[in-house]
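# Notes for the structure review
The chain contents come next:
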Amino acid sequence: DTAVSQTPKYLVTQMGNDKSIKCEQNLGHDTMYWYKQDSKKFLKIMFSYNNKELIINETVPNRFSPKSPDKAHLNLHINSLELGDSAVYFCASSQGPGQYNEQFFGPGTRLTVL
Amino acid sequence: AQSVTQPDIHITVSEGASLELRCNYSYGATPYLFWYVQSPGQGLQLLLKYFSGDTLVQGIKGFEAEFKRSQSSFNLRKPSVHWSDAAEYFCAVGGLGGGSNYKLTFGKGTLLTVNP
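## Here's the deal with the overall build of chain A
Counting its regular elements, chain A contains 0 helices and 11 strands. In sequence order, chain A lays out its α and β elements as β-β-β-β-β-β-β-β-β-β-β. In terms of overall dimensions, chain A is globule-like: its C-alpha atoms have a radius of gyration of 13 Å, near the 13 Å expected for 114 residues. Seen through its C-alpha atoms, chain A measures out along the principal axes to roughly 40 × 30 × 30 Å. Burial status across chain A gives 43% buried among its 114 residues. In chain A, of all internal contacts separated by at least 6 residues, the share reaching a separation of at least 24 is 55%. On chain A, roughly 5600 Å² of surface is accessible, and the fraction owed to carbon and sulfur atoms is 49%.

Encoded structure:
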């Protein structure tokens, strides 16, 4: 009965490859997020979707493309992977997009680009 | 734009000792403040939050935090630390961040080590 789940947990790949990370939440939330945590543990928002619509798109290379097929899923596709993409990627969800809604985080996906 | 500073990168305390983790924020309006904890290999878990009202907020696992507007601070405290509290702690501020949608901005975290 995991609330926010991500697959895979670990991802090791070569530079130039394309990869996807999947996220699912079973909390019935409307809003989902992708965060990137770099090697210094700095956590920064990348994208947010509300009811399958993109509402936050931070300064992220367009090699990163989020997709939300339904409210319970938010996937992250990364093209032409670079060394600097190595990080832990966290998915999160909240009941709504506003400030009163607690964000629930998934366990993270550790991406290593060789 | 909003920002959060956690001045201490790493703190070591003995089990049973008291703990205070510092957090300073910058935000032009009323801040929404949070403390999250991240255990090794895990996602983030919300410890407590402040939106308004009583400036001393209680959270889970015996943690509390005090909002001080005059100092732009939201320090996390625990009277007696347990070995299981060893983790990374993140302070976050919620706001519009220069855009039209609310987002969380995190500090760089404080790693807590607990000695037996």
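## Here we look at the nonpolar core
What tends to happen in soluble globular proteins is that the nonpolar side chains get buried as a cluster. In this structure, L19(B), W35(B), L47(B), L48(B), F74(B), L76(B) and Y89(B) are the most contacted members of the largest nonpolar core, which totals 26 residues. For this core, the secondary-structure elements that each account for two or more residues are β2 (10-14), β3 (19-21), β5 (32-38), β6 (44-50), β8 (64-68), β9 (73-78), β10 (87-95) and β12 (110-115) of chain B. Membership of the second largest hydrophobic core comes to 20 residues, among which are L43(A), F90(A), F51(B) and L104(B).

## Examining the environment of F51(B)
You can see F51(B) is positioned in the loop between β6 and β7 (56-58). Given the relative accessible area of 17%, F51(B) is considered buried. In this structure, the C-alpha to C-alpha distance between F51(B) and P31(B), residues 20 residues apart in sequence, is 7.1 Å. Apart from residues no more than four positions distant in its own chain, F51(B) is found in contact with Q99(A), Y100(A), T30(B), P31(B), Y32(B) and F34(B).

## What to know about the pattern of salt bridges
In total, this model carries 10 salt bridges over all chains according to the counting rule given. Notably, a salt bridge pairs E82(A) with R63(A), separated by 3.5 Å at the nearest N-O pair. Here E82(A), found in the loop between β8 (73-78) and β9 (87-94), pairs with R63(A), found in the loop between β6 (53-57) and β7 (64-70); they are 19 residues apart in sequence, far enough to count as distant. The exposure class of E82(A) is partly exposed, given its relative accessible area of 41%. A salt bridge links D8(B) to R22(B); the nearest nitrogen and oxygen atoms lie 2.9 Å apart. Here D8(B) is found in the loop between β1 (3-5) and β2, whereas its partner R22(B) is found in the loop between β3 and β4 (24-26), with 14 residues between them in sequence. When its relative accessible area of 38% is taken as the criterion, R22(B) is described as partly exposed. Each of K44(A), E58(A) and K103(B) takes part in one network of salt bridges that share partners.

## Considering the pairing of strand β2 (residues 10-13) of chain A
Residue and element names in this part refer to chain A. Of the two faces of β2, the one lined by L11 and T13 is fully buried and the one lined by Y10 and V12 carries no buried residue. With 4 bridges connecting them, β2 and strand β11 (residues 109-113) associate as parallel partners. Following the sheet pairing, V12 is matched in β11 by T112.

## A short note on the state of the cysteines
Tallied over the full model, the rule gives 2 disulfides over all chains. Between the sulfur atoms of C23(A) and its disulfide partner C91(A) the distance amounts to 1.9 Å. With the S-S bond torsion at -75°, the cross-link from C23(A) to C91(A) turns out left-handed. Of this pair, C23(A) sits in strand β3 (residues 19-25) while C91(A) sits in strand β9, and the two are 68 residues apart along the sequence. For the pair shown, C23(A) and C91(A) are each scored as buried. Through a disulfide, C23(B) is tied to C91(B); the S-S separation comes to 1.9 Å. Between C23(B) and C91(B) the disulfide shows an S-S torsion of about -65°. By sign, it is left-handed. Of the two residues, C23(B) is situated in the loop between β3 and β4 and C91(B) in strand β10; the sequence distance between them amounts to 68 residues. As far as burial versus exposure is concerned, C23(B) and C91(B) are alike and both buried.

Cut-off values and rules
- Residues numbered from 1 in each chain as written.
- Chains lettered and ligands numbered in written order.
- Predicted model: local features only at pLDDT ≥ 70, side-chain atom pairs only at ≥ 80, totals over all residues.
- Heavy atoms only, no water.
- Helix = DSSP H or I, 4+ residues; strand = E, 2+ residues; numbered from the N terminus.
- Rg over C-alpha atoms; globule rule 2.2 N^0.38 Å.
- Buried < 20%, exposed > 50% of the residue type's maximum accessible area, 1.4 Å probe, protein only.
- Contact = heavy atoms within 4.5 Å.
- Areas by Shrake-Rupley, 256 points an atom, 1.4 Å probe, with all protein chains shown as cover.
- Core = buried A, V, L, I, M, F, W, Y, C linked by side-chain atoms within 4.5 Å.
- Salt bridge = Lys/Arg side-chain N within 4 Å of Asp/Glu carboxyl O.
- Pairing = 2+ DSSP bridges.
- Disulfide = S-S within 2.5 Å.

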